[in-house]
Amino acid sequence: MLEAAFQSQAGRLGRVLRRGVALWLLWHAALPWAATGDAHDIYIEDYRLHIECSGRGAPAVILDAGLGGSSLEWVFVVERLRRLTKVCTYDRAGYGGSDTGPLPRTSSRIVAELKHLLETAGVPPPYVLAGHSFGGYNMQLFARRFPALSAGLVLVDASHPDQVERFEAPPLNMVTAP
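Report follows, based on the coordinates. Because the structure is predicted, anything quoted here is derived from the model rather than measured.

1. A word on the overall build of the protein chain
Of regular secondary structure, the protein chain possesses 5 helices and 6 strands. Starting at the N terminus, the α and β elements of the protein chain follow one another as α-β-β-β-α-β-α-β-α-β-α. Within the protein chain, buried positions represent 36% of all 178 residues. Contacts in the protein chain between residues at least 24 apart in sequence constitute 65% of all its contacts with a sequence separation of at least 6. Working note: accessible area of the protein chain is about 10700 Å², and carbon and sulfur atoms make up 62% of it.

Spelled out as structure tokens, the structure:
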């Protein structure tokens, strides 16, 4: 009886391990895509920003990750979108393949850098801007500052422009990071 229970547990463990290995292989099979796009390292002043584009068509879709994230977070989205149109991911200064940029790192600076990056990389407007979390806030600001360059805006669980003030105000009275 004990031996049958052990074999049953071993069988379950084997299935779990096989599934885990299969998921790991699927994930790593998708990662090489990140190196097959048209990648550029563009210098702005004395620091380098990384952008990678794949696919063909217009308008180009520009993807911005959440705070602390990198362009690799969009790999599965890019895999699908590149079949339909040109899609570009980039790493904000200090993240992924980009150098650390000048301080303070404000959304205003980030938007100006993105505009310069797209122009220098030769990505023609208009753009469908898509951002996750903090990246959504940046893309909203880009669309407001450069409406002639913006064809659309996609927000994925995006930060709200008034979110800090709302958290700090009653009834929440939450302390937020600077």
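2. Examining the layout of surface pockets
Approximately 150 Å³ is the volume attributed to the second largest pocket. Lining the second largest pocket are Leu67, Arg92, Ala93, Gly94, Tyr95, Thr100, Gly101, Leu103, Arg105, Ile110 and Phe134. Class assignment for the residues of the lining of the second largest pocket results in 6 nonpolar, 3 polar and 2 charged.

3. Some words on the state of the cysteines
For the structure on display, the rule yields 1 disulfide. Paired by a disulfide, Cys53 and Cys88 hold their sulfur atoms 2.1 Å apart. Judged by the torsion about the S-S bond (110 degrees), the Cys53/Cys88 disulfide is right-handed. In this pair, Cys53 sits in strand 2 (residues 47–54) while Cys88 sits in strand 4 (residues 87–91), placing the two residues 35 residues apart along the sequence. Of the two residues, Cys53 and Cys88, neither departs from the other in class, the shared state being buried.

4. Some words on the packing of aromatic side chains
Scanning all chains against the criterion turns up 2 aromatic pairs. Centroid distance Tyr127 to Phe142: 6.3 Å. Interplanar angle 70 degrees. Geometry classified as edge-to-face. In this pair, Tyr127 is assigned in strand 5 (residues 127–132) and Phe142 in helix 4 (residues 134–145), connecting sequence segments 15 residues apart. Grouping residues by exposure puts Tyr127 and Phe142 together as buried. An aromatic cluster of at least three residues, connected via ring pairs, comprises Tyr127, Phe142 and Phe146. Stacked on the ring of Tyr95, the Lys or Arg Arg92 has its end atom at 5.3 Å from the ring centre.

5. Focus: the pattern of salt bridges
Under the criterion given, the structure shown has 7 salt bridges. With a shortest N-O distance of 3.1 Å, Arg82 and Glu79 are connected by a salt bridge. By relative accessible area, Glu79 is classed as partly exposed at 24%. Close ionic contact of Glu79 with Arg83 constitutes a salt bridge, the shortest N to O distance being 3.6 Å. Residues participating in the shared-partner salt-bridge network are Asp41, Arg48 and Asp99.

6. A short note on the pairing of strand 2
Counting buried positions along strand 2 yields 8 of 8 residues, so the element is predominantly enclosed. Here strand 2 shows two buried faces, one formed by Tyr47, Leu49, Ile51 and Cys53 and the other by Arg48, His50, Glu52 and Ser54. Summarising the sheet, strand 1 (residues 38–44) and strand 2 pair through 7 bridges and their orientation is antiparallel. Across the sheet, Ile42 pairs through a bridge with Leu49, a residue of strand 2. Counting the residues in the hairpin turn of strand 1 and strand 2 gives 2 residues, including Glu45, whose phi is positive at 55 degrees. For strand 2 and strand 4, the ladder comprises 5 bridges, and the chain directions are antiparallel. Of the residues in strand 4, the one forming a bridge with His50 is Asp91.

7. Things to note about the packing of helix 3 (residues 107–121) against helix 4
Across the interface, helix 3 lies against helix 4 with an axial gap of 9 Å and an inter-helix angle of 70 degrees. Classed by the angle they form, the pair helix 3 and helix 4 counts as roughly perpendicular. Judged by the twist between their axes, the crossing of helix 3 over helix 4 is right-handed. In this structure, helix 3 uses Ser107, Ser108, Ile110, Val111, Leu114, Lys115 and Leu118 to contact helix 4, whose residues at the interface are Phe134, Tyr137, Asn138, Met139, Leu141, Phe142 and Arg145. Classifying every residue of the contact of helix 3 with helix 4 gives 9 nonpolar, 3 polar and 2 charged.

Here is what the cut-offs are and how they apply
- Residues numbered from 1 in each chain as written.
- Predicted model: local features only at pLDDT ≥ 70, side-chain atom pairs only at ≥ 80, totals over all residues.
- Heavy atoms only, no water.
- Helix = DSSP H or I, 4+ residues; strand = E, 2+ residues; numbered from the N terminus.
- Buried < 20%, exposed > 50% of the residue type's maximum accessible area, 1.4 Å probe, protein only.
- Contact = heavy atoms within 4.5 Å.
- Areas by Shrake-Rupley, 256 points an atom, 1.4 Å probe, with all protein chains shown as cover.
- 1 Å grid on protein atoms, 1.4 Å probe; cavity = no way out; pocket = protein on both sides within 12 Å on 5 of 7 lines; lining within 4 Å.
- Points joined across faces, edges and corners; volume = space filled by probe spheres on them.
- Nonpolar A, V, L, I, M, F, W, Y, C, P; charged D, E, K, R; others polar.
- Disulfide = S-S within 2.5 Å.
- Phe/Tyr/Trp six-rings, centres within 6.5 Å; stacked < 30°, edge-to-face > 60°.
- Lys NZ or Arg CZ within 6 Å of the ring centre and 35° of its normal.
- Salt bridge = Lys/Arg side-chain N within 4 Å of Asp/Glu carboxyl O.
- Pairing = 2+ DSSP bridges.
- Axes fitted to C-alpha atoms, helices over the stretch in contact; angles between N-to-C directions.
- Parallel < 35°, antiparallel > 145°, perpendicular 65-115°, else oblique.
- Left-handed = near helix turned anticlockwise from the far one by under 90°.

Coordinates in, geometry out; function isn't part of it.
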